[in-house]
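Spelled out from the first residue to the last, the chains are:
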Amino acid sequence: MKDLIGHLLGRLSARGIVSRPKLGSDKPESAILIEEADGLRDAGRVAEAAGYYGRALALSPERADLAVQLGNMRKDSGDWAGAETAYRYALERRPDDADTWLQLGRALKLAGRRAEAEAPLRRAFAIDPTGDDAALELVALGFETDGPGNASDLRWKRMVSAQEMAVELTALRQRIDDVLARLPAIATLSAVPFHRYDILRQVQDLPAPPASPGGPIVLLVDAEAATAEAFVALLASLRAQRDERWHLVACVGSGMRAEAVARAAELDPRIVGLASGAPIPSKIAGGWKLHLAHSRFLHPEAVGWLIAARERLAQLGRPVAIYCDEEFGELDAASGQFVPKGIALGAGCDPLFEAVCPSAGRSLFVPPVLDAIADSVRGGTEELHTLRLQLAREGKLAYLPVPIVRRLGKTELPWVRSGDRGMHDDPPADRIDVMILSRDNPQDLVPFVDSLVRLASRPQDVSIHVVDHASVRPDTKAALESLAVRPNVHIQRSDAAFNWARLNAQAALGGTACLLVFANDDMRMSTARWDDALRRAFADPLVGVVGGRLLYPDGTIQHAGAIAGWRGSVANEGVGQPGSEAGPGGRWAAPRECAAVIGAFLATRRTLFTEIGGFDQVELPISLSDTDYCFKVRAQGYKVVYQPEIELVHHEGKTRGRDHEHPEKAARQQAELAVMRRRWGRGLDIDPSVHPLFLDEIEPFCLIRFPSAERLLDHLSLSADPSRWRLERVA
């Protein structure tokens, strides 16, 4: 063994990889290997360090600490399976080591095995409930941190303390650079998982609106349609308003509700009861009006926020209607106070999304110029939904992302599927060309082609163009020959260096259809009549790109659209979440406009593809050409649409592997990201569809925290801009 180690060290020393120990050293061989491993680790050469730690462990198998170091190096080099093996080896010898359980959980999370990561992270938290790391990992993955000694309560108390700390540190921003580097972690501590909005509201109230000028607003309520409990809560919520600039016009009949309104009006002259159809008193008829949905009431800051929103739109010269988020919850039996349980998010003024948005009863704050089209609304679910959809399509709607309206209940409202979406209309008869790149992957390619043809409504109008990129296996040749004899299947061969953008562009030249689909070969189509769904999406002449909903083979989500502005880049939505999960506000299950879709399934118009030069074959040959194309489409004023009614199963990375697992590919991806940053600037940072409630320090849509009032009003301004999705190329 000594001779072998000596020979190995000699060869590595000759190549300059390690320094050879001095002659005559009496150090044990394992100590020499550990020194070399430590040096390589500190130099950032983690893959080489892993080899040395492994050899040292072979000489000293009882050293659990060496197994942990081996696991760390493998994890840092992207070898998740090797890291897991090393950590489990260490845990067999030190089963009560909290840090090793923590590192195992992190390795499983990085490998995409989120559900399996929960158990070791909980074990780490159970062993050391005072440490933050395991709890933070659990919270980041959307799990709660219940543990021994009422650890969960302690955790939330610590989060409140951390929130106060973050405020103090912000004031020292210019003087304490080392503290600034820790602010993201502190921000994470002050946030909670989206599904625990009730916890957020225990530690945070809504931010107060800025003081704004202007006269009172008018609340229009159908008192007869409201439940008795909700109507009493409405009157109480008006008395609790911190901004008293309001009038209430309650439509009543002749029963007990009319008597209740009359008694309230005697105590407060701002309350007026009107018979159905009677005109609003002229002295208050000319202002902005809040059409309050049935059985709703208000947060104490509601009037102040509505007036601030009105002022912001006046500054922009945009007299459009406004809608907002809602809280749902219950009244405390003892105090009568409202206890929030959840939040219903809006659809961001996107007509596609608004058509199916589960927030069907959303209240509307309407300026006088829109009174003519809003006068017929009396707070009914269908009337308000129809009006909101109309305003969204006409570009006359803005979104205030603050839950200032409340309702009683424990769940979100059911989805409303609008009858005018046209999903059952006959689609246009457009032909479709599907481009598929493949290399020695016949076991996926052939079933994918089969699924496209079998599930198409009009397979005779779908042509499939397969680009065989330098395949060498005999079974691939046989599979391609079998595909070539099928109707509407065309095979091309390319032995050039892999360039995703160029190969797809060449494939597109082989067809003539007006719709193009670029697809990976490692997929299966799951949607019957997928071609009709695609044609319907492109029936809107402003739609330039359409992407589908992609699932991993285990049924979890791989792509539900892509968002910009997430930690300085573009990220897939919903990654690793159950396929049944609709996402925040239902966004993963609803057709909507989005920042980008991925090239694993990207459809576009042939004329548009040609007009804007297709994919970038020079600077973005592999990873980000799909995102860049979506941005170019948006820069031309077209929409990029996520359509979940087209669903596929995707074995991501089979064709050419995962970029982050290979240093060379990871470096190339970073270089391409730099190109995108130079080309699109702040286009990478802004996504009109992302609610400012969400924290972008970890995976998308995991954690929430109330932002500043200014940021909320900035989002209102963005939503009111009809060209909010349009980009400008910087260079």
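Above this text you will find the structure in question.
Cut-offs and rules
Residues numbered from 1 in each chain as written. Predicted model: local features only at pLDDT ≥ 70, side-chain atom pairs only at ≥ 80, totals over all residues. Heavy atoms only, no water. Salt bridge = Lys/Arg side-chain N within 4 Å of Asp/Glu carboxyl O. Helix = DSSP H or I, 4+ residues; strand = E, 2+ residues; numbered from the N terminus. Buried < 20%, exposed > 50% of the residue type's maximum accessible area, 1.4 Å probe, protein only. Expected span 1.5 Å × (residues − 1). Phe/Tyr/Trp six-rings, centres within 6.5 Å; stacked < 30°, edge-to-face > 60°. Lys NZ or Arg CZ within 6 Å of the ring centre and 35° of its normal. Contact = heavy atoms within 4.5 Å. 1 Å grid on protein atoms, 1.4 Å probe; cavity = no way out; pocket = protein on both sides within 12 Å on 5 of 7 lines; lining within 4 Å. Points joined across faces, edges and corners; volume = space filled by probe spheres on them. Nonpolar A, V, L, I, M, F, W, Y, C, P; charged D, E, K, R; others polar. Axes fitted to C-alpha atoms, helices over the stretch in contact; angles between N-to-C directions. Parallel < 35°, antiparallel > 145°, perpendicular 65-115°, else oblique. Left-handed = near helix turned anticlockwise from the far one by under 90°. Pairing = 2+ DSSP bridges. Right-handed = clockwise from strand over helix to strand, strands pointing away.

Enquirer: Let's hear about the pattern of salt bridges: which residues, and what values?
Expert: Under the criterion given, the structure shown has 50 salt bridges. A salt bridge links arginine 122 to glutamate 118; the nearest nitrogen and oxygen atoms lie 2.8 Å apart. Of the two residues, arginine 122 and glutamate 118 are both situated in helix α7 (residues 114-127); the distance of four residues between them amounts to about one turn of the helix. Under the relative-accessibility criterion, arginine 122 is labelled partly exposed at 27%. Judged by its relative accessible area of 23%, glutamate 118 falls in the partly exposed class. If you follow the salt bridges from partner to partner, you end up with Arg431, Arg458, Asp461, Arg529, Asp531, Asp532 and Arg535 in one network.

Enquirer: Got a sec to walk through helix α2 (residues 29-42)? Specific residues and values, please.
Expert: The first and last C-alpha atoms of α2 sit 20 Å apart over 14 residues, in line with the 20 Å expected at 1.5 Å per residue. Three or more residues of α2 are buried, namely Glu29, Ser30, Ile32, Leu33, Ile34, Glu36, Ala37 and Leu40. Glycine 44 sits one or two positions beyond α2 and adopts a positive phi of about 85°.

Enquirer: I'd love a proper account of the packing of aromatic side chains, names of residues and values included.
Expert: Two measures describe an aromatic ring pair: the distance that separates the ring centres and the angle between the ring planes. A complete count under the given rule lists 15 aromatic pairs for this structure. When the ring of phenylalanine 518 is compared with that of phenylalanine 615, the centres are 4.9 Å apart and the planes differ by 75°; the resulting orientation is edge-to-face. With phenylalanine 518 in strand β14 (residues 515-520) and phenylalanine 615 in the loop between α23 (606-611) and α24 (625-635), the pair connects residues that are 97 residues apart, well separated along the chain. The burial state of phenylalanine 518 is the same as that of phenylalanine 615; both residues are buried. Ring centres 4.9 Å apart and planes at 85° place the aromatic pair phenylalanine 694 and phenylalanine 701 in the edge-to-face group. When sorted by exposure, phenylalanine 694 lands in the same class as phenylalanine 701, which is buried. Over the face of the ring belonging to tyrosine 323 we find arginine 388, whose NZ or CZ atom lies 5.4 Å from the ring centre.

Enquirer: Tell me what's going on with helix α6 (residues 98-110), and back it up with residues and numbers.
Expert: In a regular helix each residue adds 1.5 Å, so 13 residues correspond to 18 Å; α6 covers 19 Å between its end C-alpha atoms and thus fits that length. When we look at burial in α6, the residues that qualify are Ala98, Thr100, Trp101, Leu102, Gln103, Leu104, Gly105, Ala107 and Leu108. Each element contacted by the buried residues of α6 is listed here: α4 (64-76), α5 (80-93), α7 and α8 (133-140). One or two positions beyond α6, positive phi appears at glycine 112, with a value near 85°.

Enquirer: If you had to explain empty space enclosed by the protein to someone new, which residues and values would you point to?
Expert: In the structure shown here, the tally under the stated rule is three cavities of 30 Å³ or more. Reported here for the largest cavity is a volume of approximately 200 Å³. Forming the walls of the largest cavity are 21 residues, and the residues nearest its centre are Gly346, Ala347, Gly348, Arg587 and Ser689. Split into classes, the residues belonging to the lining of the largest cavity amount to 10 nonpolar, six polar and five charged.

Enquirer: Can you lay out the packing of helix α19 (residues 442-455) against helix α20 (residues 474-484) for me, pointing to particular residues and giving the numbers?
Expert: The interhelical angle for the contact between α19 and α20, taken along N-to-C directions, is 15°, at an axis separation of 10 Å. The angle between α19 and α20 falls in the class roughly parallel. Handedness of the crossing formed by α19 with α20: left-handed. When α19 is examined against α20, the residues Pro442, Leu445, Val446 and Val449 are found in contact with a partner set consisting of Asp475, Thr476, Ala479, Leu480 and Leu483. Grouping the constituent residues of the contact of α19 with α20 by class yields seven nonpolar, one polar and one charged.

Enquirer: So what's going on with the pairing of strand β11 (residues 432-438)? Which residues, and what values?
Expert: Judged by how many residues are buried, β11 sits mostly within the fold: seven of seven residues are covered. On β11, burial covers both faces: Ile432, Val434, Ile436 and Ser438 on one face and Asp433, Met435 and Leu437 on the other are all buried. Examined bridge by bridge, β11 and strand β12 (residues 462-469) share seven bridges and lie parallel to one another. Bridge assignment links aspartate 433 to a residue of β12, and that residue is serine 463. This β-α-β element, β11 to α19 to β12, shows right-handed connectivity.

Enquirer: Go over unusual backbone geometry, please, and point to the residues and values.
Expert: Excluding glycine, a negative phi dihedral is what most residues carry, and trans is how most peptide bonds are arranged. Although it is not a glycine, serine 295 adopts a positive phi angle of roughly 60°. One non-glycine residue, cysteine 349, lies in positive phi territory at about 70°. Within the fold, cysteine 349 resides in the loop between β8 (338-344) and α16 (351-354).

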